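# Structural characterization, general
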Amino acid sequence: MLELADELVAARAALRRLQTLDRAIAHEQAIVERAPALAAAVGDSRARIERIARALEQQWVDQGPLVALWQRAAELAELAEGSGADPAEYRAGVEEARQRVESARLGTRETLASLCSERETLVDLLLVAPFDLDAPAPVRDDGRPEAGRRDALELIGACDRALAVVEEQRQNGERRLSEAFAERAELGNANQIEARIAALQTALPELVELPRTAPPSAAQRLQRAGLRARVDPPA
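These notes cover the structure that comes with them. No experiment lies behind these values; they were computed from the predicted model shown. The written sequence of each chain sets the order in which its residues are numbered from 1. This being a predicted model, a pLDDT of at least 70 is required before a residue's local features are given, and a value of 80 or more before pairs of side-chain atoms are given or counted; all residues contribute to the totals for chains, interfaces and linings. Each side-chain value is worked out from all heavy atoms of the structure, with water and hydrogens disregarded.

### Remarks on the overall build of the protein chain
Counting from the N terminus, the helices are the DSSP runs of H or I reaching at least four residues and the strands are the DSSP runs of E reaching at least two. Scanning the protein chain from terminus to terminus reveals five helices and two strands. Ordered by position from the N terminus, the helices and strands of the protein chain form the series α-α-α-α-β-α-β. Residue exposure (1.4 Å probe, protein chains only): buried if accessible area is under 20% of the type maximum, exposed if over 50%, otherwise partly exposed. Residues counted as buried form 30% of the 235 residues belonging to the protein chain. Of the roughly 14200 Å² of accessible surface on the protein chain, 52% is carried by carbon and sulfur atoms. Working definition of accessibility: Shrake-Rupley area with a 1.4 Å probe, residue cover restricted to the visible protein chains.

### A word on helix 3 (residues 145-187)
By definition here, a helix of n residues has an expected span of 1.5 Å times n minus one. Along its 43 residues, helix 3 runs 61 Å from first to last C-alpha, staying within 8% of the 63 Å computed at 1.5 Å per residue. Positive backbone phi, approximately 105 degrees, marks G188, located one or two places after helix 3.

### A few points about the pattern of salt bridges
Throughout this description, the term salt bridge denotes a Lys or Arg side-chain nitrogen within 4 Å of a carboxyl oxygen of Asp or Glu. Under the definition given, this model contains 17 salt bridges. Of the charged contacts in the structure, one is a salt bridge between E7 and R196, with a shortest N-O distance of 2.7 Å. Note that E7 is positioned in helix 1 (residues 2-82) and R196 in helix 4 (residues 190-203), a separation of 189 residues in sequence. You can call R196 partly exposed: its relative accessible area is 36%. Taking the shortest distance from any N to any O, the salt bridge between R119 and E120 comes out at 3.1 Å. In the salt-bridge network here, residues are joined through shared partners; they are D6, R221 and R224.

### Quick word on the side chain of Q59
Within the secondary structure, Q59 sits in helix 1. With a relative accessible area of 17%, Q59 lands in the buried category. Within 3.5 Å is the distance limit for a polar contact, defined as a pair of N or O atoms, with the added protein rule that one can donate a hydrogen and the other accept it, and that residues adjacent in sequence qualify only through two side-chain atoms. Among the polar contacts listed, one links the side chain of Q59 to the side chain of T108, at a separation of 2.8 Å. Whether two residues are in contact is decided by their heavy atoms: any pair within 4.5 Å suffices. With residues up to four places along the chain from it excluded, the contact list for Q59 reads G107, T108, T111 and P145.

### Points about the pairing of strand 1 (residues 207-210)
Only one face of strand 1 is covered, namely the face carrying V208 and L210; the face carrying L207 and E209 is uncovered. In terms of handedness, the path from strand 1 via helix 5 (residues 217-224) over to strand 2 (residues 228-231) forms a crossover that is right-handed. Look down the strands so they point away from you; if going from the first strand over the helix to the second traces a clockwise path, that crossover is right-handed.

### Comments concerning the environment of A26
Looking at the secondary structure, you find A26 in helix 1. Expressed as a C-alpha distance, the spacing of A26 and L177, which sit 151 residues apart in the sequence, is 9.1 Å.

Next up, the structure:
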């Protein structure tokens, strides 16, 4: 009877393990199956962000002379004011240079808007992954193309890190699937285990009378199987 009780405990544990393995297999299969499409989508996002980064770099180069003229005009205005000369003419030059820079940065704002949109697309991709991926930092509120380029490069880095994690998860998922399927095969068929549990539960009584000579562990083994044990009183 003790052997049957031990077998019942083992069968229940095997069934629970099978159920755990089934959940793990479903999770790992989702990772392995979805990883290629996720990697492709992140790769496409990276390519679009890289094009934006190149556009911002070109805008940075194009706007460099305008910014330099603006800074030079401001310096001349300060020098004129410091020397006691009328700075009005120089202030007008500062204003004109500033307007040229701001006009050039209208295009930069459109490019930065595209970068923000790509960042949101990337965040959406990472959020629906079947495993945790770090969200990229937001694009900063800075209208300069050089600042936008830095943000674009950070997003490209976020894509690269995400791609590395996706590939690592895919490889680990394949390995864990192989291990889970092997363990599942060793445990046997769930229906057969359930049938054996039912047969053992039918064969074992709810209350077992133990002789006084029974080992101390007998009651614990029976209770572990869900049975009640009672030791015969002394004669």
